[in-house]
Amino acid sequence: MTTNHRILLNSRPVGTPTAENYLLDEVELPKPQDGEVLLRTLYLSLDPYMRGRMSDAKSYAKPVEVGDVMVGATVSEVVESNSSDFSTGDTVLGYGGWQEYSVEKAAYLRRLDPEVAPVSTALGVLGMPGFTAYAGLLEIGRPQEGETVAVAAATGPVGSVVGQIAKIKGAKAVGIAGGPDKVAHLNELGFDVALDHRTGNLKNELKESVPQGIDVYFENVGGDVFKAVLPRLNTYARVPVCGLVANYNLTELPEGPDRSGALMGNILTRSLNVRGFIQTEFVEKHHENFLSDMSGWIKEGKVRYREDIRPGLDKAPEYFNDLLAGRNFGKMVVAVGAES
């Protein structure tokens, strides 16, 4: 191969991204310099945070510039190495983005062992989503034995891990998902309560199924799910907030009265601990333990995972919209140079 196919940000989306917001181009294969390696992308991770990076609004990370390659974590094969740390044929975790090939600094890569777990899991249960669940729940949620932990998008790569760690810690796990197939999967994973937010009756179903209230709510959705959960939060409940995917395509505030005062009143009168976080802030403290614990839990069957692997880099924009709309089932991964 002498060319590299890439997907660029062509324009900033307003609302749901469209095909016009992307540009598929072809360029000459890049060359690695000293300390760099040339990588062939095997798997590309699609994650909700990417929608925020398509916007130029102020955030925790710089936006993707119009004309730049869309960002994303990748599992790749080393094609050419100008570093003593990696050899041709090594499989690594990097951040190559939406393209077939990338050049990355060797210092930023992590070698993967396919004997430990399928390498695609480095983008999910053994990667950033799994670590988000692990660090956010244990550092902020701090579930205690006998408490109740609830999580939305509970069949996703973050939510499913949150619920299973809660069970490991002796807590009751309540999962909220969209559709009967996903609810059935939560039961397979061992959640104590599995609810479908698409029934339109989530608030009452929570009241009936969780009469003891909720001590930890791991927030990664927001919107109507949070409105249903809020009345069930116990005094001193902890709410780790890692995402608000229900809001990512909004172009204006929802209609209706301003309920921010009521929300703040609930935070005050019930002494709620609502803490937003970005997983990178916990890497130094927790990542080594995460890799050890999660690898062990998977091996022991205490944590199970599901991947939604789909073929074709050119279809990544379509798959990304499916992810934002909840039309995925498990960790969304694009098979670029690997068989799906």
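The structure displayed is predicted, hence computed values, not measured ones.

Criteria and thresholds
Residues numbered from 1 in each chain as written. Predicted model: local features only at pLDDT ≥ 70, side-chain atom pairs only at ≥ 80, totals over all residues. Heavy atoms only, no water. Helix = DSSP H or I, 4+ residues; strand = E, 2+ residues; numbered from the N terminus. Buried < 20%, exposed > 50% of the residue type's maximum accessible area, 1.4 Å probe, protein only. Pairing = 2+ DSSP bridges. Axes fitted to C-alpha atoms, helices over the stretch in contact; angles between N-to-C directions. Contact = heavy atoms within 4.5 Å. Salt bridge = Lys/Arg side-chain N within 4 Å of Asp/Glu carboxyl O. Arc of directions from axis to C-beta. Phe/Tyr/Trp six-rings, centres within 6.5 Å; stacked < 30°, edge-to-face > 60°.

(A) View of unusual backbone geometry. Positive phi outside glycine occurs at Ala-153, with the angle close to 50 degrees. Relative to the helices and strands, Ala-153 resides in the loop between strand 8 (148-152) and helix 3 (159-168). Ala-153 gets classed as partly exposed once you look at its relative accessible area, which sits at 36%. One non-glycine residue with positive phi stands out, namely Ser-271, at about 50 degrees. Among the secondary structure elements, Ser-271 is positioned in the loop between helix 7 (260-269) and strand 13 (273-276).

(B) Structural view of the sheet that holds strand 13. Strand order across the open sheet formed by six strands is 10-9-8-11-12-13, with parallel pairing between neighbours. Two strands close off the open sheet at either side, each with one partner strand: strand 10 (193-196) and strand 13. The average undirected angle you get between the axes of adjacent strands in this sheet is 15 degrees. Pairing between strand 8 and strand 9 (residues 172-177): five bridges, direction parallel. Looking at strand 9, one finds that Ala-150 is bridged to Val-174. Those strands touched by helix 5 (residues 202-209) are strand 9, strand 10 and strand 11 (214-218), and its axis lies near 165 degrees from that of strand 10.

(C) Fine view of the pattern of salt bridges. For the coordinates displayed, the defined rule picks out 14 salt bridges. As a salt-bridge pair, Glu-65 and Arg-12 come within 3.9 Å of each other at their nearest N and O atoms. Here Arg-12 lies in the loop between strand 1 (3-9) and strand 2 (22-28) and Glu-65 lies in the loop between helix 1 (49-53) and strand 4 (74-81), a separation of 53 residues in the sequence. For Glu-65, a relative accessible area of 40% translates into the label partly exposed. Under the relative-accessibility criterion, Arg-12 is labelled partly exposed at 25%. As a salt-bridge pair, Glu-147 and Arg-238 come within 2.7 Å of each other at their nearest N and O atoms. With Glu-147 in the loop between helix 2 (128-141) and strand 8 and Arg-238 in strand 12 (residues 233-241), this pair connects stretches of sequence that are 91 residues apart. Taking relative accessible area as the criterion, Glu-147 reaches 16% and is therefore assigned buried. Judged by relative accessible area, which is 8%, Arg-238 ranks as buried. One network of salt bridges, in which partners are shared, links Asp-308, Arg-310, Asp-322 and Arg-327.

(D) How the structure looks around helix 4 (residues 180-189). Those residues of helix 4 that fall on the buried side of the exposure criterion are Lys-182, Val-183, His-185, Leu-186 and Leu-189. Viewed end-on, helix 4 has its buried residues packed into an arc of 155 degrees, placing them on one side of the element. Opposite its buried face, helix 4 presents the exposed residues Pro-180 and Asp-181, each directed more than 90 degrees away. One or two residues past the end of helix 4 sits Gly-190, with phi positive at roughly 95 degrees.

(E) Spotlight on the packing of aromatic side chains. The full count for this structure, using the stated rule, is eight aromatic pairs. Aromatic pair Tyr-22 and Trp-98: ring centres 5.8 Å apart, planes at 15 degrees, arrangement stacked. Of this pair, Tyr-22 sits in strand 2 while Trp-98 is found in the loop between strand 5 (91-94) and strand 6 (101-105), placing the two residues 76 residues apart along the sequence. Each member of the pair Tyr-22 and Trp-98 is classed as buried. Seen in terms of ring centroids, Tyr-134 and Trp-297 are 6.2 Å apart; in terms of plane orientation they differ by 45 degrees. Their pairing is tilted. Of this pair, Tyr-134 sits in helix 2 while Trp-297 sits in helix 8 (residues 283-300), and the two are 163 residues apart along the sequence. Given a relative accessible area of 10%, Trp-297 falls into the buried group. Linked through ring pairs, Phe-131, Tyr-134, Phe-290 and Trp-297 together constitute an aromatic cluster.

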